[in-house]
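# Survey of secondary and tertiary structure
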Amino acid sequence: MNAGPLAGIRILEVGHILAGPYATMMLADLGAEVTKIEPPGGDLSRQVSDAYFASLNRSKRSIRLDLTSEAGRERLGELVTDAHALLVNLKPSAIQRLGLTYDDLRRYNERIVCVAITGYGLAAGDEPAFDYVVQAATGVAALTGDPEGPPTLPGYSSADNSAGLTAALGLLAQLLSGKGGQVEVSLRDVMLSQLNYRASAYLNEGVEPRRLPNGAHSYYVPAQLFPTAEGHLALFITHDAFWKSFCAEAGVTGFPTMAERTLRREEVLEVVTRALAADTAAGWEARLRPLGVPAAAVRTLPQALDATPEMIVTAGGFRLVGSPVRVAGYEPDYRPPPRLGEHGGVPYRA
């Protein structure tokens, strides 16, 4: 088996639950050696369930340290001396108090890359910054749901996962520079960045974002969920060639340009809805996708997993979704999540 692209890179992780552990798991999947530095009681995600912990911590090592103790801080310094990066997601005050910044750790290793994932920035306060809170604070929740109903949230931790991926990118970028330093990623900034075109439309054109029925796109028409004879279909017509192919298959005429479809949105949606009622969502998917028309039946997660067995991997006794990064000639070695303190630690006071 070929070594991963990050083979030889040693990363330390301090944090809990999702954003930080997800970031380092992505790096571990690519061959990095990741060591979780866990407090005496362990990562809080261990208290959720074994399967939850495994979903974020496969292929890592675990060292149990009490970073509030002198012995724990001494051991941290030893680990930093031989590490390439440290990634932490804690409250800013905890990061500062435990000495987990580049300014604190550079005396052990001038080239250490320190990455801090926080809610609003290292210099900000400790205001709660959990995933759902950040989605509410940045406009994501206000953009999600039916316009006649309340704002809502996606069915997964989009802010935490997105911040984790962004932090992994920042870590690798600073490593590539060959210099040590401090990297910051905040959940708030990540989610504002992901509202890119929505924010640009408001900042440059004064267009305030609004929710549209069935998750409709603000520019493209038709691009949303539609009811069918059975189930719902996601149809995403982004240019006129797609529309032409759809019309030929669905028996629809008119509205040849996106400009006209946008101007006459309600008429287009009525025509498309009526046409799609003639077949099931699965039927339309089977008919449209060979034509290159972007369409998919709405599936549950179990259905989606059943349809993509190649994405299911085994790590110890756990079946998990594998890495989304495919590197030619490399197959990740998925190992089980570590037991608390499995790879060492120092004595601590209970």
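Details of the structure are given in the entry above.
The sections below set out a description of the structure shown in this document. Worth saying up front: this structure is predicted, and the values here are computed from it rather than measured.

## What about the pattern of salt bridges?
Tallied over the full model, the rule gives 19 salt bridges. The partner of Arg289 in a salt bridge is Glu285, and the shortest N-O contact between them spans 3.7 Å. One salt bridge in this structure joins Arg339 and Glu342, with 3.9 Å as the shortest N-O distance. On the basis of relative accessibility, which here comes to 36%, the residue Glu342 falls in the partly exposed class. Residues participating in the shared-partner salt-bridge network are Glu13, Lys36, Asp43 and Lys60.

## Some thoughts on the pairing of strand 4 (residues 85-89)
The element strand 4 is largely enclosed, with a buried count of five among its five residues. Here strand 4 shows two buried faces, one formed by Ala85, Leu87 and Asn89 and the other by Leu86 and Val88. Here strand 1 (residues 10-15) runs beside strand 4; their pairing, made up of five bridges, is parallel. Paired with Glu13 across the strands is Leu87, a residue of strand 4. Taken together, the five bridges between strand 4 and strand 5 (residues 113-118) define a ladder with parallel strand orientation. Bridge pairing in strand 5 links Asn89 to Ile117.

## Observations regarding unusual backbone geometry
Note the cis peptide between Val221 and Pro222, where omega equals -5 degrees. Unlike most non-glycine residues, Ser59 shows phi in positive territory, near 65 degrees. As for its position among the elements, Ser59 is in the loop between helix 2 (50-57) and strand 3 (61-64). A positive phi is found at Asn214, a non-glycine position, where the angle reads about 60 degrees. In this structure, Asn214 sits in the loop between helix 9 (196-205) and strand 7 (223-227).

## Quick notes on the packing of helix 7 (residues 158-177) against helix 8 (residues 187-194)
Where helix 7 contacts helix 8, the axes come no closer than 9 Å and their chain directions differ by 95 degrees. Judged on the interaxial angle alone, helix 8 and helix 7 are roughly perpendicular. On helix 8, the residues touching Ser158, Ala159, Asp160, Ser162, Ala163 and Thr166 of helix 7 are Leu187, Val190, Met191 and Gln194. Among the residues forming the contact of helix 7 with helix 8, the class breakdown is five nonpolar, four polar and one charged.

## Brief notes about helix 13 (residues 281-288)
All of the buried residues in helix 13 are Ala281, Gly283, Trp284, Glu285 and Leu288. On its buried face, helix 13 is in contact with strand 8 (232-236), helix 10 (240-250), helix 12 (265-276) and strand 9 (295-297).

## Side note on the sheet that holds strand 9
Strand order across the open sheet formed by three strands is 7-8-9, with antiparallel pairing between neighbours. Among the strands making up the open sheet, the edge pair consists of strand 7 and strand 9. Neighbour-to-neighbour, the strand axes of the sheet open up by a mean angle of 20 degrees, direction not taken into account. The pairing of strand 7 with strand 8 spans five bridges and is antiparallel. Along strand 8, the bridge assignment pairs Phe226 with Leu233.

## What to know about the side chain of Arg58
Mapped onto the fold, Arg58 is located in the loop between helix 2 and strand 3. Looking at Arg58, the relative accessible area reads 1%, which means it is buried. Polar side-chain contacts of Arg58 include one of 2.8 Å to the backbone oxygen of Val321.

## Section: the side chain of Asp279
Looking at the secondary structure, you find Asp279 in the loop between helix 12 and helix 13. Setting aside residues no more than four positions away along its own chain, Asp279 makes contact with Thr228, Ala229, Glu230, Trp284 and Arg287.

## Focus on the pairing of strand 11 (residues 318-321)
For a regular strand, side-chain orientation follows a simple rule: the groups alternate between the two sheet faces. Inspection of the sheet shows strand 10 (residues 312-315) paired to strand 11 by four bridges, in the antiparallel sense. Counterpart to Ile312 in the pairing with strand 11 is Val321. In this structure, the hairpin formed by strand 10 and strand 11 is closed by a connection of two residues, where Gly316 is found at a positive phi of approximately 65 degrees.

Reading the values: rules and limits
Residues numbered from 1 in each chain as written. Predicted model: local features only at pLDDT ≥ 70, side-chain atom pairs only at ≥ 80, totals over all residues. Heavy atoms only, no water. Salt bridge = Lys/Arg side-chain N within 4 Å of Asp/Glu carboxyl O. Buried < 20%, exposed > 50% of the residue type's maximum accessible area, 1.4 Å probe, protein only. Helix = DSSP H or I, 4+ residues; strand = E, 2+ residues; numbered from the N terminus. Pairing = 2+ DSSP bridges. Axes fitted to C-alpha atoms, helices over the stretch in contact; angles between N-to-C directions. Parallel < 35°, antiparallel > 145°, perpendicular 65-115°, else oblique. Contact = heavy atoms within 4.5 Å. Nonpolar A, V, L, I, M, F, W, Y, C, P; charged D, E, K, R; others polar. Polar contact = N/O pair within 3.5 Å; in protein donor to acceptor, adjacent residues only side chain to side chain.

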